[in-house]
Amino acid sequence: MDKRFYITTAIDYVNGAPHLGHAYEKVVADVLARARRSLGQPVFFLTGLDEHGQKVQQAAQELGQSPQTYCDGLAVQWGEFVRTLGLSHDDFVRTTDERHRKIVATLLDRLHATGHFYKSAYRGFYSVKEETFLTEKDRNPDGTWDPQWGVVQELVEENWYFRLGEHQAWLIDHIEKHPEFVQPAHRRNEVLGFLRSQKLEDLCISRPASRLSWGIPLPFDPGYVTYVWFDALVNYFSIPAALGDPTAVAALGGTAPAGSRLSAWPADIHLIGKDILKFHAVYWPIMLHALGAPLPKTILVHGWWQKDGAKLSKSTGNVVDPLAIIGEWGLDAFRYYVVRELGIGPDGNWTDEGFRVRYNSELANGLGNLLNRAVNMLNKYRAGVVPAADGTLAVEANAATEKTQSCYLANDPQGALIAAWELVNRANLFVEETKPFHLAKDPNQSARLDSVLYNLVECCRILAVLVQPVMPATADKIFAQLKVCGEPSDWRQSIWGGLAPGHQVGAPIPLFPRKDLVPK
RNA sequence: GCCAGGGUAGCUCAGCGGUAGAGCAGGGGACUCAUAAGCCCUUGGUCGGGAGUUCGAUUCUCCCCCCUGGCACCA
């Protein structure tokens, strides 16, 4: 059983509607997953929902529903969202899944048994109204509390803590020795800077069940539920474990069932937003280390989107609705834009104008028009029949293919698109250089015309393979239009010469119809 | 405040000792297979400000200004 390439997204907290940030992370993960599959690697791609916690419990209460009913409803909505994005995930985790809850309990038990937890009292100021402890930051300069907190009282509460401090040294060492552990590099520097400059404080991992019931009970102390990180982060591990992954099962002290279906752990990529870097680069590896499980290979950190240079915000109405964009422009155009516009790392800026420009110049006029003119000329001059094979552009096509491939493998899907477009531009230029429409008027140039047409259509066929991880439906459309067999989701199809002479292609249909200056 | 990274053409950015480059946007042209697409040519910049090192600085040093990110519970 081959170890699969295991990639995850953060699981989304179900306290609102999905937005551009969620869509971006999922699309990028999907692109990397599809690219690996295309290149012949077995993949396990996991995404899902974080459903426990105070806010969910409260929201359900306000609607007069049980938390589970409330979550089930949201899970339907998020499931549709994921389907709309065309994700190719292999599993979908909900932290309320029994399979997840069981593994979390087992994991907590083991760490408790090996002395990683202790119980301690915490004294602090508690807002009864908001059901939360307040910090000094919440306090007014004059020492009073804002009316929004209602009655504030000093309270002593016992909770369970996870010993983090003893793990600081080896974690620094591990990150220093594994430059790929946190990417991009400046995020790695942030983590190292943080770890070197401050002492890790122990992590509170519980809440009294009287205060928060909607969670996973601590198996060794039923008066408490586990709080956030030992629930949410563990999803990456619990699902492989539940599916019988031998490494994960062994770390929990069990043995994998014979003929287990999955070998995935350790994860190859945890794709996350920059806001949750610390938890993934500090808490999570320490949790796994304490358990004796191998650490994930890479925490891949993406930035945030802005719209028109300002922060996305529901309250100011500065939002991008992915579903509306997809409805208007199509899924592949959306996927293309977010991947092409924003590399993994920096923050990005969504502008409707930028979207339109990329759609028109790169998709419609670039790739779409190339296919259209190539197929059209083959139909017009050769009745749609592929002429004898020719390799005039083979070297350049292979170079673009290799470059695209190495970008995908380097977790750089933006670079992959840039590399693929080198071939789009080369092929469009090739038409101008060779002027097939002139050759067609001169019977003596017939062989020359054959070779030009072969090169053009073959480039289109290869491009379908190169863009497939980002735009799977478009790739299928190109193959369908060329009526070629095989799957564009198989990288081996990108080898030059796949088009068979004598093969009959279909009629030209625009891939990305132009939408000029649609009034908003 | 502390730490890190930046401020280069309208926009996004590359260059990092020898008086500046790309893509897009803007302008012009020849063509016509094509979604009036593609191709060719082209207008734009005292390279944040100041001082210094140097024969010479966008590129090195120092100071200042501004921006972004991080400094533990939001994709």
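Starting from 1, residues in each chain are numbered consecutively following that chain's sequence as written. Here chains are named by letter from A upward and ligands by number from 1 upward, in the order in which they appear as written. Since the coordinates come from a predicted model, pLDDT governs what is reported: local features require at least 70, and pairs of side-chain atoms require 80 or more to be given and counted, while whole-chain, interface and lining totals use all residues. In computing side-chain values, all of the structure's heavy atoms are included and hydrogens and water are not.

Enquirer: Which parts of the structure should I look at to understand the overall build of chain A?
Expert: Helix and strand assignments come from DSSP, with helices taken as H or I runs of at least 4 residues and strands as E runs of at least 2, each series counted from the N terminus. Assigned secondary structure in chain A consists of 18 helices and 17 strands. Projecting the C-alpha coordinates of chain A onto the three principal axes gives extents of approximately 95 × 55 × 45 Å. Each residue is assigned to one of three classes by its accessible area relative to the maximum for its type, calculated with a 1.4 Å probe on protein chains only: buried under 20%, partly exposed between the two thresholds, exposed over 50%. Across the 520 residues that make up chain A, the buried fraction comes to 53%. Across chain A, contacts joining residues at least 24 apart in sequence account for 75% of those joining residues at least 6 apart. Methods summary: accessible areas were calculated by the Shrake-Rupley approach with a probe of 1.4 Å, and residue burial reflects only the protein chains presented. On chain A, roughly 21800 Å² of surface is accessible, and the fraction owed to carbon and sulfur atoms is 53%. We call two residues contacting when some pair of their heavy atoms lies within 4.5 Å.

Enquirer: Mind showing me how you'd approach the protein's contact with RNA strand B here?
Expert: We call a residue near a molecule or strand when any one of its heavy atoms sits within 4 Å of it. The local shell around RNA strand B holds 45 residues, among which Gly21, Glu25, Asp275, Tyr283 and Arg373 are the closest. Sugar and phosphate atoms constitute 67% of the interface atoms of RNA strand B, taking the interface as everything within 4 Å of the protein. Here a sugar or linking oxygen of RNA strand B sits 3.4 Å away from a polar atom, N or O, in the main chain of asparagine 428. We call two N or O atoms a polar contact when they sit within 3.5 Å, provided that within protein one can donate a hydrogen and the other can accept it, with sequence-adjacent residues counted only if both atoms are side-chain atoms. At 3.1 Å, a backbone N or O of leucine 511 approaches a base oxygen of RNA strand B.

Enquirer: Sorry, what's going on with the domain arrangement of chain A here?
Expert: Domain start and stop positions are those given by an automatic or database domain assignment. Along its sequence, chain A is carved into domain 1 (5-302) and domain 2 (351-494). Each of domain 1 and domain 2 has a C-alpha centre, and the two are 43 Å apart. Counting residues at the interface gives 10 residues for domain 1, matched by 12 residues for domain 2. By buried area we mean how much accessible surface two parts lose on assembly, using a 1.4 Å probe and totalling the loss over both. Each partner contributes to the roughly 1100 Å² buried at the junction of domain 1 and domain 2, and carbon and sulfur atoms together form 64% of this total. Salt bridges are identified by distance alone: a Lys or Arg side-chain nitrogen within 4 Å of an Asp or Glu carboxyl oxygen. Along the contact surface separating domain 1 from domain 2 lie zero salt bridges. The tally of links between domain 1 and domain 2 comes to three residue pairs in polar contact (both at pLDDT 80 or more). Of the residues that constitute the side of domain 1 that touches domain 2, the class distribution is six nonpolar, two polar and two charged. For this classification, the nonpolar set comprises Ala, Val, Leu, Ile, Met, Phe, Trp, Tyr, Cys and Pro, the charged set comprises Asp, Glu, Lys and Arg, and every other residue, Gly included, is treated as polar.

Enquirer: Explain the packing of helix H1 (residues 20-38) against helix H3 (residues 67-84) here, please?
Expert: Working note: a packed helix pair is described by the angle between its axes plus the distance between those axes. Close contact between H1 and H3 brings their axes to 10 Å; oriented N to C, the two are set at 55 degrees. Between H1 and H3, the crossing angle belongs to the class labelled oblique. Between H1 and H3 lies a crossing of right-handed hand. Between H1 and H3, the residues in contact are His22, Ala23 and Lys26 and Trp78, Phe81 and Val82, respectively. Grouping the constituent residues of the contact of H1 with H3 by class yields four nonpolar, one polar and one charged. Between N-to-C directions, angles span 0 to 180 degrees; the directions come from axes that are lines fitted to C-alpha atoms, helices contributing only their stretch in contact. The scheme is simple: roughly parallel for angles under 35 degrees, roughly antiparallel for over 145, roughly perpendicular for 65 to 115, oblique for anything else. Handedness of a crossing follows from how the near helix is turned relative to the far one, being left-handed for an anticlockwise turn of less than a right angle and right-handed for a clockwise one.

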